[in-house]
Amino acid sequence: MSTLPPINPPEDFESTVLLRSLLTSLPSISPPDTFETQVLRSAQRPRWTIKIVAAVAGTILVVSSFYILNNEPKLVVVKPSASVDAPQSVDLYNLAPVAVMQDTRYKDLPPAVIHRLAAKIKAKPNMRAPYGVAGY
Amino acid sequence: MARASLKTESVQVARNSASDEDLLRWFLEGDEAAFVALMRRYKEPITTYTYRFLGNYDDAVDVAQETFVRLYRFGHSFVGEVKFSTWLYTIASNLARTELKRYRRRNGVSLSEAFSIGDDESSWEIPDETYLPDELVDSTRIAQDVQKALLSISPSYREMVVLRDVQQLTYEEIAVITNTEMGTVKSRINRGRAQLQVLLRSLYNEVFPSQE
């Protein structure tokens, strides 16, 4: 005589069996007749597309590289041009004398004004030149 | 001539009796007819699964076809860790879930609403009532009612109930297909069944009158 207790199934045992029998008896779904053809067409199409795209891209690459190589723009070499009037070399120890010209800008002013202007210029001995000096 | 036709016939018989893995290997070696044989073997189960999950015949066929297109292109990535059928169902399952997400996005159910909860148990909890059962596919009223009830439970439960009770797959296979722990698979199936029992109570009394 067995001493093991009986195992009671859960309360929803029967209803679960009924549910599972309903689910199992659901009909299979048949795909359309064109199923296989469409799959094969879809699966194979991209390969052809890739091949065509690769061929077109390759052609464009070859043509463009050929075009670039044959229409290479001519290089323009920029050379420093010698100034027209400047001497080619300067001998700092033998400079040619430069003619001194009289400043006639103020010749029409009265002498008193000219003296005042001269005094103003002398009052700013450290005034910087209006142009750059190398090193400063 | 007769010998050639006999040879063709014997090759066909070999294909029909070959294992899935052998057919896949032959296909990868260049035998396209092996791919067709695989497709003929699985097109109906896969379409049934996708239809029971999605509830729309056109979308189900589309997903099933895409499954075989993926098999055609990426068959070489099958490494044999699982059964071929499990691997194929995994592809179909992923595609069906993606299709369902896309459908929900198109039809206004926000993804954050449907998928925001990270907990495995409670993700996909929102029942999907937007699909209507396709009456042309399920010709009997019982089948229509069962399908309607299936579509009323949450997709995470539905997916597993369909794989277990309609497709008759094992818990281990379902765990692999859905990438879910075994315990979660069992609990989801139980919850899904419980919800279906509530939804189909009136049908029970009709189909099994002696139940009361």
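Here, the structure is the one placed above.
Just so it is clear, the model here is predicted, and its values are computed rather than measured.

Caption draft 1: Fine view of the overall build of chain A. For chain A, the count of helices and strands is three helices and zero strands. The order of helices and strands in chain A, counted from the N terminus, is α-α-α. Taking all 136 residues of chain A together, the buried fraction comes to 7%.

Caption draft 2: Local environment of the interface of chain B and chain A. Each partner contributes to the interface: chain B provides 28 residues, whereas chain A provides 23 residues. Counting only elements with at least two residues in the side of chain B that touches chain A, the list comes to helix 3 (32-54), helix 4 (57-74), helix 7 (141-152), helix 8 (155-166) and helix 10 (182-199) of chain B. The element best represented in the side of chain B that touches chain A is helix 4 of chain B, accounting for eight residues. For the side of chain B that touches chain A, the per-class residue count stands at 17 nonpolar, five polar and six charged.

Caption draft 3: Layout of the nonpolar core. Residue and element names in this part refer to chain B. One finds Leu 38, Leu 88 and Ala 92 to be the most contacted residues of the largest nonpolar core, which totals 56 residues. With 11 residues, the single largest contributor to this core is helix 3. Beyond its immediate chain neighbours, meaning those up to four positions away, Leu 88 contacts Tyr 42, Ile 46, Thr 67 and Leu 71.

Caption draft 4: Summary view of the packing of helix 5 (residues 84-106) of chain B against helix 9 (residues 171-178) of chain B. Residue and element names in this part refer to chain B. Axis separation between helix 5 and helix 9 bottoms out at 8 Å; the angle between their running directions is 45 degrees. Classified by the angle between their axes, helix 5 and helix 9 sit oblique to one another. The way helix 5 lies across helix 9 gives a crossing that is right-handed. Contacts between helix 5 and helix 9 involve Thr 86, Tyr 89, Thr 90 and Ser 93 on the former and, on the latter, Glu 173, Val 176, Ile 177 and Thr 178. When its residues are assigned to classes, the contact of helix 5 with helix 9 shows three nonpolar, four polar and one charged.

What counts, and where the lines are drawn
- Here the residue numbers are simple positions, counted from 1 along each chain's written sequence.
- Each chain is given a letter, starting from A, and each ligand a number, starting from 1, according to the order in which they appear as written.
- For this predicted model, a pLDDT threshold of at least 70 governs which residues receive local features, and a threshold of 80 or more governs which side-chain atom pairs are given and counted, while totals over whole chains, interfaces and linings are taken from all residues.
- Secondary structure elements follow DSSP: runs of H or I of four or more residues count as helices, runs of E of two or more count as strands, with numbering from the N terminus.
- Burial in this document is a count-based property: other C-beta atoms within 10 Å of a residue's C-beta are tallied, and the residue is buried at 20 or more, exposed at 12 or fewer, or partly exposed in between, with C-beta positions derived from the backbone.
- C-beta atoms are placed from the backbone for every residue, and two residues are taken to be in contact when these atoms lie within 7 Å.
- Three residue categories are used. Nonpolar comprises Ala, Val, Leu, Ile, Met, Phe, Trp, Tyr, Cys and Pro, charged comprises Asp, Glu, Lys and Arg, and polar comprises the others, including Gly.
- Here, a nonpolar core denotes buried Ala, Val, Leu, Ile, Met, Phe, Trp, Tyr and Cys residues that are linked to one another through C-beta atoms within 7 Å.
- Axis geometry follows a simple rule: fit a line to the C-alpha atoms, using only the stretch in contact for helices, then measure angles between N-to-C directions, giving values from 0 to 180 degrees.
- Under this scheme an angle from 65 to 115 degrees is roughly perpendicular, one under 35 degrees roughly parallel, and one over 145 degrees roughly antiparallel; angles in between are oblique.
- Two helices cross in a left-handed way if the nearer one is turned anticlockwise from the farther one by less than a right angle. They cross in a right-handed way if the turn is clockwise.

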